[in-house]
Amino acid sequence: MDLRAFLNTLGEALLRVPQELSPQHEMAAFLRAVEEKGLTVLFEHVAGYPNARVAGNVLVTRRHLALALSTDEAHLEATYVERKGQARPTVTLPPEEAPVKEEVIVAGGPWLPALPVLTHYERDAGPFITAGVVFARDPETGRRGFGIHRMMIKGERRLGIFLANPPLATYYARAEARGEPLPVAVALGVHPALLVGAVVPDNPAGPDKLEVTGALMGTPLELVPAETVPVEVPARAEIVIEGHVLPGHREPEGPMGENTGYYFTNTSPVMEVTAITRRRDFIYLALCPWGADVDVLFALAGGTELRSRLQALVPEVVDVTVNPGTPGFSAVIAVRPCSPARVRRLIGLALHVDRRLKVVTVVNDDVDIRNPREVTWALATRFQPDRDTVIVPGLEGYVIDPSVGRTGTTAKVGFDATRGPGPEFDKIALPATAVAKAQAILSSLLGS
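None of these values were measured; they are calculated from a predicted model.

A.B. asks: How would you explain the pairing of strand β11 (residues 182–188) if you had to name every residue and give the values?
C.D. replies: Of all 7 residues in β11, 6 are buried, a share of seventy percent or more. Judged from the 3 bridges that link them, strand β7 (residues 133–137) and β11 form a sheet pairing that is antiparallel. By the bridge assignment for β11, V134 is matched with V186. Pairing between β11 and strand β14 (residues 239–245): 7 bridges, direction antiparallel. Of the residues in β14, the one forming a bridge with L182 is V245.

Spelled out as structure tokens, the structure:
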């Protein structure tokens, strides 16, 4: 399973673009423009890079994500939960069987400028790798881990790397405490199921994230040893960048248009590149910050993980979704009928369980939480601000939230938009037989 195989399954949902576009702003603008059409894009001619192609919007809809996990939309969350609890041991291929080893560049270049890394937004400080899957080992235990971390191109062989989340942030802190660099490898152009695996929370007591990802994919993850660092990498990636994150060194990194919809600048560690391996006709994978891919990933991993944790505490929880455009800061929870006191307890738990979550709305399970119109309707007709608002001040904020400021703390808020007990809150509905007949006729007219 690799990126090319996934693209080949998309059919009419893949838009091939023969016109030449620049990776500086033009490709990002095109990707954002076609999001609402639910299309994945393959740019076949990249200005300044005659031998490269760029793919984007690979997880632009829930249908794409279901396809990546070999399931359907109706069973997407259930498939994720079931497989996440399993493990498939990884398989190591010999280098001669690994497509990512078709070209091995250890000395003499070309280096980072040879890759068509996108500059996304107009005030970005430069090109940023946003779909880089970073692999490393815990320097103390040897446990493998990986995650998606943004990286700024800072020269031919230097990257600024933003490390805010475990397990990589933990590995780097441990290496730095020992005065050692952290060996890492960055896989670019991977099967989208690997992106899902990258955002699955690591459970130190369970299988490592590579084995969990194999379970998500439904097949063992194929790896190959890196050339210059003691890390194994996806054998079917399009590109792998190898190197070391330096201890005790930070440099300005940014500004970059982040998933919050705002520019974010940080003082971040620096990675020095020691090798690049790649396919001869590689495809660079782009991911637009604050785009639909990010929403789809957060909704599955973030929403499903939060649902599992809350259901263990409050059995009335039915479903959870993360609101688009909010990088996990805002969520909607559906519950079976329960008391206002129970809803208030749920709100408090949710706001403490996930440090990113800042705004939570609770509705009854007669509301489609993935339909903004219905959630807004519940807020408009079942919620009274003076009675149904819960505010919790002084909690830990999230680093990329621009409203947190220097204190690092945030207030959080919950809205109880559940219905009252009387029949006046019964939601209007059509008879099931009429709906079924209408759907059947519509399907015959549309030929589907």
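A.B. asks: Give a description of empty space enclosed by the protein that names residues and reports values.
C.D. replies: Under the counting rule described, the total for this entry stands at 3 cavities of 30 Å³ or more. Put simply, the largest cavity is a space of about 50 Å³. Lining the largest cavity are F135, A136, R137, R144, G145, L210, V231 and E232. Looking at the lining of the largest cavity, the elements that each hand over two or more residues are β7 and β8 (144–148). Top contributing element to the lining of the largest cavity by residue count: β7, with 3 residues. Split by residue class, the lining of the largest cavity holds 4 nonpolar, 1 polar and 3 charged. When its volume is computed, the second largest cavity comes out at roughly 50 Å³. Per-element tally for the lining of the second largest cavity: the top contributor is helix α8 (residues 292–313), with 4 residues.

A.B. asks: Which residues make up the packing of helix α6 (residues 192–199) against α8, and what values go with them?
C.D. replies: Helix-helix packing: each pair is described by the crossing angle between the helix axes and the interaxial distance. Two elements in contact, α6 and α8, have axes whose closest approach is 10 Å; the angle formed by their N-to-C orientations is 50°. Here α6 lies oblique to α8, going by the angle between them. Remark: the crossing between α6 and α8 carries right-handed chirality. Contact residues: L195, V196 and V199 in α6; L297, L300 and A301 in α8. Tallied by class, the residues present in the contact of α6 with α8 amount to 6 nonpolar, no polar and no charged.

A.B. asks: Kindly report on the sheet that holds strand β13 (residues 232–234), identifying the contributing residues and their values.
C.D. replies: Within the open sheet, the 3 strands sit side by side as β4-β12-β13. Their pairing is mixed. The open sheet has two edge strands, β4 (91–92) and β13, and neither has a second partner. Pairing geometry for β4 and strand β12 (residues 222–225), over 2 bridges, is parallel. The residue bridging V91 from the neighbouring strand is E222, located in β12.

A.B. asks: Pulling in residues and values, what's your account of unusual backbone geometry?
C.D. replies: A cis geometry characterises the amide bond from G109 onward to P110, with omega recorded as 5°. Checked against the element boundaries, P110 lands in the loop between β5 (103–105) and β6 (128–129). For P327, which is not glycine, the phi dihedral falls at a positive 30°. Residue placement: P327 occurs in the loop between β19 (317–322) and β20 (330–335). Overall, the relative accessible area of 7% leaves P327 in the buried class.

A.B. asks: Can you lay out the side chain of N57 for me, pointing to particular residues and giving the numbers?
C.D. replies: Mapped onto the elements, N57 comes out in the loop between β3 (53–56) and α3 (62–68). Looking at N57, its side chain comes within polar contact range of the main-chain oxygen of L31, at 3.1 Å. Beyond its immediate stretch of four places on either side in the chain, N57 contacts L31, V34, E35, L39, T40, V41, H64, A286 and D293.

A.B. asks: Lay out helix α12 (residues 432–446) with the relevant residues and their values.
C.D. replies: For an α-helix the count is 3.6 residues per turn, leaving residues at separations of three or four pointing the same way. The end-to-end C-alpha distance of α12, which contains 15 residues, comes to 21 Å, matching closely the 21 Å that a straight helix rising 1.5 Å per residue would cover. G447, located one to two residues past α12, shows a positive phi value of around 75°.

A.B. asks: Tell me about the environment of P327, residues and numbers included.
C.D. replies: Counting along the chain gives 29 residues from P327 to R356, while the straight-line C-alpha distance between them is 8.2 Å. Once you skip the residues sitting within four places of it in the chain, P327 turns out to touch N259, T260, F298 and R356.

A.B. asks: Summarise the pattern of salt bridges; cite the residues concerned and give the values.
C.D. replies: By the definition in use, this model includes 35 salt bridges. The salt bridge involving E251 is made with K154; its shortest N-O contact spans 3.6 Å. Here the residue E251 occupies a position in strand β15 (residues 251–257), and K154 occupies one in the loop between β9 (151–153) and β10 (158–161), the gap between them amounting to 97 residues. Given a relative accessible area of 27%, K154 falls into the partly exposed group. Connected through salt bridges with shared partners, the residues D2, R4, R53, E238, R279 and D281 form a single ionic network.

A.B. asks: Kindly report on the layout of surface pockets, identifying the contributing residues and their values.
C.D. replies: Considering only enclosed or pocket space, the largest pocket measures out at about 1300 Å³ in volume. In terms of lining residues, the largest pocket is bounded by 44 residues, among which N165, P166, V199, R356 and Y398 are the most central. Mapped onto the lining of the largest pocket, the elements with two or more residues apiece are β8, α5 (168–177), α6 and α8. With 8 residues, α8 is the single largest residue contributor to the lining of the largest pocket. Class assignment of the residues belonging to the lining of the largest pocket gives a composition of 24 nonpolar, 8 polar and 12 charged.

Cut-offs used in this document
Numbering of residues starts from 1 in each chain and follows the order in which that chain's sequence is written. In keeping with the model being predicted, local features are shown solely for residues with a pLDDT of at least 70 and side-chain atom pairs are shown and tallied solely at 80 or more, while totals for entire chains, interfaces and linings include all residues. Side-chain numbers here rest on the full set of heavy atoms in the structure, without hydrogens or water. Three labels apply to residues, based on accessible area from a 1.4 Å probe with only protein chains included: buried if under 20% of the type maximum, exposed if over 50%, partly exposed otherwise in between. Secondary structure is summarised from DSSP: a helix means a run of H or I of at least four residues, a strand means a run of E of at least two, and numbering begins at the N terminus for each. When DSSP finds two or more bridges between two strands, those strands count as paired. With a 1 Å grid laid over protein atoms only, a set of points is called a cavity when a 1.4 Å probe fits there but cannot get out and a pocket when it is open yet has protein on both sides within 12 Å along at least five of seven lines; lining residues have an atom within 4 Å of a point. Grid points are joined across faces, edges and corners, and a volume is the space filled by probe spheres set on the points. Three classes are used: nonpolar for Ala, Val, Leu, Ile, Met, Phe, Trp, Tyr, Cys and Pro, charged for Asp, Glu, Lys and Arg, and polar for all others, with Gly counted as polar. Convention adopted: a line fitted to C-alpha atoms gives each axis, helices being fitted over their contacting stretch, and angles between N-to-C directions are expressed from 0 to 180 degrees. What sets the label is the angle itself: under 35 degrees gives roughly parallel, over 145 gives roughly antiparallel, 65 to 115 gives roughly perpendicular, and the rest give oblique. In a left-handed crossing the near helix is turned counterclockwise from the far helix by less than a right angle, and in a right-handed crossing that turn is clockwise. The contact criterion used throughout is that any non-hydrogen atoms of two residues lie within 4.5 Å. Under this definition, polar contacts are N or O atom pairs within 3.5 Å; protein pairs additionally need one hydrogen-donor-capable and one acceptor-capable atom, and for neighbouring residues in sequence, both atoms have to be side-chain atoms. Any helix carries an expected span of 1.5 Å times its number of residues minus one. Each reported salt bridge corresponds to a side-chain nitrogen of Lys or Arg within 4 Å of a carboxyl oxygen of Asp or Glu.

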